[in-house]
Amino acid sequence: MLYMMLCLTLSAPPAAPAASSSSSSAFCPALPSRHIVERQPRMLNFRVEYRQRTVEVVIEEGSVVGEIKQILETELQVPVSKMQLKGWKSGDVSDSIVLQSLHLPKNNSLYVLTPDITPTASTSQNSVLQESLNQNFLLVISHREAQRDYNLNFPGSRTIQEVKRNVSDLTNIPVRHQQWEGWPASASDSMTLAASGISYPCHHLGVCRRSSPANTQEPTEECADVHMVSDSEGDDFEDASEFGVDESEMFGMGTSTGCRKAPLMPENTENEVDALLHFTAEFTTRYGECHPVFFIGTLEAASQEAFYGKARDRKLLAIYLHNDESVLGNVFCSQMMCADSIVSYLSQNFITWAWDVTKEANKARLLTMCTRHFGSVVAQTIRTYKTDQFPLLLIVMGKRTSNEVLNVIQGNTTVDELMMRLMGAMEIFTAQQQEDIKDEDEREAREMVKREQDEAYQLSLEADRKKREAQEREQAEQLRLQQIQKEADDEKEAIRLSLEHALPPEPAEEGGEPISKLRIRTPSGEFLVRRFLGSTKLQVLFDFVASKGYPWEDFKLLTTFPRRNITQLDPASSLLEAKLFPQETLFLEAKE
């Protein structure tokens, strides 16, 4: 990418006539790998006409349309709100559009309309002229010597000089040797077609080679003058050789030294990416920035991008093959490949890949690539075309088992014919694409059903696994609680047995000491009956109850009447002191 940017910067036309030379203006010089050149912002020139005034505006490509209107408001004293800026190739544009996105050449012609401001009588005719600048003129040009007619479409803003240069590519007659019929007497080469007075929408012209004395030689310095004229009239032309004009023929010289254009693709490039970067940069230099977006990558990568995505995203592959030795090259590029309708249609529906076959080494490399990706038939088809039949536009469609070349469009075509053939290829492609989309949708539906079944099965397995794990956790918890409960029960039983063994023996009913007989009613309704010595401590009574499974920490021992809580008394006091003599009925109650 850096190489392309440097190439664009260094191959720009010189700023002054004295700086242009016969051999360096069209070449992109080889750059040392360690050189770094800062790219300057690209400036655009606008020639804006309003009624009887013309304003020259120079502005950076990164600016928006509204900034041009603000400059014009100061120059023309017309409010921006009442101003309509016309003449854009892409139709009306909003004020917020960035100029760079419009892919404009360096020099542009626009005009201002103010429908809310009533024009004077002296300006009404000029307004009509401004409107016609945006109209297309059909020029039917008869080449007398070849007995052939050319139908060429030009915008009204194109100058007669530019038309003659395009005709030079078709007829191989240098502009200086062209003899015309059909131009209005008042027309000059610097006039636009809209102002020249030709018929609209169609005008007939004739051209032939002007006879000139043999062996006429012109001064060599004229090459600089011709190049200066080319630079002053637009970005689309770098030097005289770009219009298919042989220099020895132009200057009447027997040698071909002097002005030559740089090749679109250098010979023996190490990799395809560098070659295509150079191709795009040089193509932009020659024909402007309004051109198809060329895929930067190998032919295999372009095929993958076009053919092997999802069916809805697939596109046709357009392979543009250029040959500088064909007289149709410049016309096809400037009139067909750079036409707004063709650029838009290719960008929306095609992956466009390009190659230059001017050099034999590059052509051989292309044939090898085509044989590898499309088979020997395609390569053999390209071999059958002669140089004067180039450029070629191959339309390739990807199919299930192989790739098919739907159409081969030669350079001798028109914009309308080119568009019709592209649309015809799209109809075939769309029909195939709909079948592919249907098959793909059905396959995806089957795969989705299978995925849903697999997901449902996996969810079922996961649910079973979680249920099993929950059961295992519950069982483990139950076992743990049972173990804890068992340990607690064992501990209670051990304490109960210990208390039971520690109790003093039950005294006999007849004895020398006072006996207290106690009946204790348990929560279950049973009665515990036992005799105690009157001097027995309350703690012994509590231990007896605990040995029966009713620890005094959990139960309280109550008298019936009057109601007393015996467990709140001092355990060291005796039964006599607690007034539990000679007999007493007690009952156990769980503590809250």
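Residues numbered from 1 in each chain as written. Predicted model: local features only at pLDDT ≥ 70, side-chain atom pairs only at ≥ 80, totals over all residues. Heavy atoms only, no water.

Taking an unreviewed UniProt entry as the reference, the protein is identified by name as Fas (TNFRSF6) associated factor 1 belonging to Salmo trutta.

1. Quick look at the sheet that holds strand β3 (residues 84-86)
For clarity, the cut-off: The pairing criterion for strands is at least two bridges between them, as found by DSSP. In DSSP terms, a helix is any run of H or I states spanning at least four residues, a strand is any run of E spanning at least two, and both are numbered starting from the N terminus. To obtain an axis, a line is fitted to C-alpha atoms, over the contacting stretch when the element is a helix, and the angle between two such axes runs from 0 to 180 degrees between their N-to-C directions. Whether two residues are in contact is decided by their heavy atoms, any of which lying within 4.5 Å being enough.
Reading across the sheet, the four strands line up as β2-β1-β4-β3 and stay open at both edges, with mixed pairing between neighbours. Every other strand in the sheet has two partners, leaving β2 (53-60) and β3 as the edge strands with one partner each. Ignoring strand direction, the axes of neighbouring strands in this sheet form an average angle of 30°. As defined by bridge partners, strand β1 (residues 43-50) adjoins strand β4 (residues 107-113) across five bridges and the pair is classed as parallel. By the bridge assignment, F46 is partnered in β4 with N108. Contacts from helix α2 (residues 65-76) reach β1, β2, β3 and β4, with the element oriented near 140° to β2.

2. Some details on the confidence of the model for the protein
Heads up, the condition is: The pLDDT value tells you how sure the predictor is about a given residue, anywhere from 0 up to 100.
In the predicted model, the protein carries a mean pLDDT of 80, and the fraction of residues at 70 or more is 82%. For residues 1-37, every residue scores under 50 in pLDDT, and the model assigns this stretch 50 contacts once sequence neighbours within four places are set aside. Taken together, the stretch residues 213-259 has pLDDT below 50 and engages in 104 contacts with residues farther than four places along the chain or on a different chain.

3. Here we look at empty space enclosed by the protein
Selection rule: Using protein atoms alone on a 1 Å grid, points that fit a 1.4 Å probe yet trap it form a cavity, whereas open point sets bounded by protein on both sides within 12 Å along at least five of seven lines form a pocket; residues with an atom within 4 Å of a point count as lining. Grid points are joined across faces, edges and corners, and a volume is the space filled by probe spheres set on the points.
Under the defined criterion, the tally for this structure stands at three cavities of 30 Å³ or more. There is about 80 Å³ of room inside the largest cavity. Around the largest cavity, the lining residues are A306, F307, A311, R314, K315, M397, G398, F429, Q432, Q433 and D436. For the lining of the largest cavity, the secondary structure elements donating two or more residues are α8 (299-307), β11 (392-398) and α13 (415-502).

4. Regarding the side chain of T114
Note the threshold: Under the rule applied, a polar contact is a pair of N or O atoms within 3.5 Å (in protein, one hydrogen donor and one hydrogen acceptor; residues adjacent in sequence only if both atoms are side-chain atoms).
Mapped onto the elements, T114 comes out in the loop between β4 and α3 (121-132). Within the structure, the side chain of T114 is placed 3.2 Å from the side chain of Y50, a separation counted as a polar contact. Ignoring any residue separated from it by four or fewer positions in sequence, one finds T114 in contact with Y50, R51, V78, K82 and M83.

5. Quick look at the pairing of strand β5 (residues 136-143)
Note the following rule: For every residue, the accessible area (1.4 Å probe, protein chains only) is compared with the maximum for its type, and the residue is labelled buried under 20%, exposed over 50%, or partly exposed between those bounds.
In terms of residue burial, β5 counts as a mostly covered element, since six of its eight residues are buried. Across eight bridges, the pairing between β5 and strand β6 (residues 148-155) is antiparallel. Counterpart to I141 in the pairing with β6 is Y150. Two successive antiparallel strands, β5 and β6, enclose a turn made up of four residues, where Q147 displays a positive phi of approximately 55°. Of the strand pairs in this sheet, β5 and strand β8 (residues 202-209) are connected by six bridges, and their pairing is parallel. Note on β8: the bridge partner recorded for I141 is L205.

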